[in-house]
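What follows is each chain in one-letter form.
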Amino acid sequence: MLYIEVLLLAIGLSMDSLAVSVKNNCTAGNIIKIASVLGIFQAGMTVIGYTMGLGFEKYICAFDHWIAFTLLLYLGGKMIYDSAKEEEEDGKFDPLCNRTLCGLGIATSIDALAVGISLAILKSPLLLQASTIGVVTFAISAFGVYFGNRFGKRIDLKLDLIGGLILIGIGTKILIEHVFFS
């Protein structure tokens, strides 16, 4: 996988974290805390998924590209579907509560677990990808908290739609490369 693809993958995965960050009503001083937790969970779930994928590798190497494509298509489609749903705002949401923040970290990084499995199947370098995913998620989440504090109430962004399209594009590229160019 080329580094630009890793970067696009990281951006696609971080859209859930960005959406959560933009919706938080907290001060700019809490940017580091929120962004760190979300970045750590994204990177950590990628590593966990990668480790799980290594166990399946020898059994599925003949159709691994189809699995990677299917996982990314599903995750991208789910993100696009979720972007179309109306969300109810709950006034009792405290994004700085450690329990809530860890819950958000897990919820926004489940897709990174599945992507980690795909990366193991594709024999991609784990350290480069997990660290890129974590750093990009941190940066995008930090921007999201700042942006949400400044403009979040005035603008309704469909960030999951963008992330979903990116994941579907990467999955399609993987499938095309393996079917037509291997």
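Within every chain, residues take consecutive numbers counted from 1 along the sequence as written. Since the coordinates come from a predicted model, pLDDT governs what is reported: local features require at least 70, and pairs of side-chain atoms require 80 or more to be given and counted, while whole-chain, interface and lining totals use all residues. Calculation of side-chain values draws on the structure's entire complement of heavy atoms; hydrogens and water are dropped beforehand.

Each helix is a run of H or I in the DSSP string that is no shorter than four residues. Each strand is a run of E no shorter than two, and both are numbered from the N terminus. If you tally the helices and strands in the protein, you get six helices and zero strands. Starting at the N terminus and ending at the C terminus, the protein contains elements arranged as α-α-α-α-α-α. Areas reported as accessible are Shrake-Rupley estimates using a 1.4 Å probe. Residue values count occlusion only from the protein chains shown. Of the roughly 9,700 Å² of accessible surface on the protein, 69% is carried by carbon and sulfur atoms.

Moving on, we get to the nonpolar core. Nonpolar side chains tend toward joint burial in soluble globular proteins. Definition of nonpolar core: a set of buried residues of the types Ala, Val, Leu, Ile, Met, Phe, Trp, Tyr and Cys, connected through side-chain atoms within 4.5 Å. To sort residues, take the accessible area from a 1.4 Å probe on protein chains only and compare it with the maximum for the residue type: under 20% means buried, over 50% means exposed, and anything in between is partly exposed. Among the nonpolar cores identified, the biggest contains 25 residues, and Leu9, Leu13, Leu72, Val115, Leu167 and Ile170 are the most heavily contacted of them. Of all elements in the fold, only helix H1 (3-23), helix H2 (31-60), helix H3 (64-84), helix H4 (98-121), helix H5 (126-151) and helix H6 (159-180) reach the threshold of two or more residues within this core. Judged by nonpolar contacts, the second largest core, of ten residues, contains Val37, Leu101, Leu104 and Ala142.

Right, let's get into H3. Helix span is expected to be 1.5 Å times the residue number reduced by one. The end-to-end C-alpha distance of H3 is 30 Å, a good match for the 30 Å that 21 residues give at a rise of 1.5 Å each. Those residues of H3 lying buried are Asp64, His65, Ala68, Phe69, Leu72, Leu75, Gly76, Met79, Asp82 and Ser83.

For the rest of this paragraph, the subject is H4. Taking 1.5 Å as the rise per residue, H4 with 24 residues should run 34 Å; its terminal C-alpha atoms sit 34 Å apart, in good agreement. The sharpest bend along H4 comes to roughly 45°, located at serine 109. Of the residues one or two after H4, lysine 123 is the one with positive phi, at around 60°. Bending is quantified residue by residue as the angle between axes fitted to the seven-residue window ending at that residue and the seven-residue window starting at it.

Attention now goes to the pattern of salt bridges. One speaks of a salt bridge when a side-chain nitrogen belonging to Lys or Arg is within 4 Å of a carboxyl oxygen belonging to Asp or Glu. What the rule picks out here adds up to two salt bridges. With a shortest N-O distance of 2.0 Å, lysine 173 and glutamate 177 are connected by a salt bridge. Here lysine 173 and its partner glutamate 177 are both found in helix H6, four residues apart, which amounts to about one turn of the helix. A relative accessible area of 31% places lysine 173 in the partly exposed class. The class for glutamate 177 is partly exposed, based on a relative accessible area of 33%.

A few words on the side chain of serine 109. On the secondary structure map, serine 109 appears in helix H4. Serine 109 gets classed as buried once you look at its relative accessible area, which sits at 0%. Note on contacts: a residue pair qualifies if any of its non-hydrogen atoms lie within 4.5 Å across the two residues. Ignoring sequence-local partners within four residues, the contact set of serine 109 consists of Phe41, Gln42 and Met45.

Remember, this is a structural readout, not a statement about activity or role.
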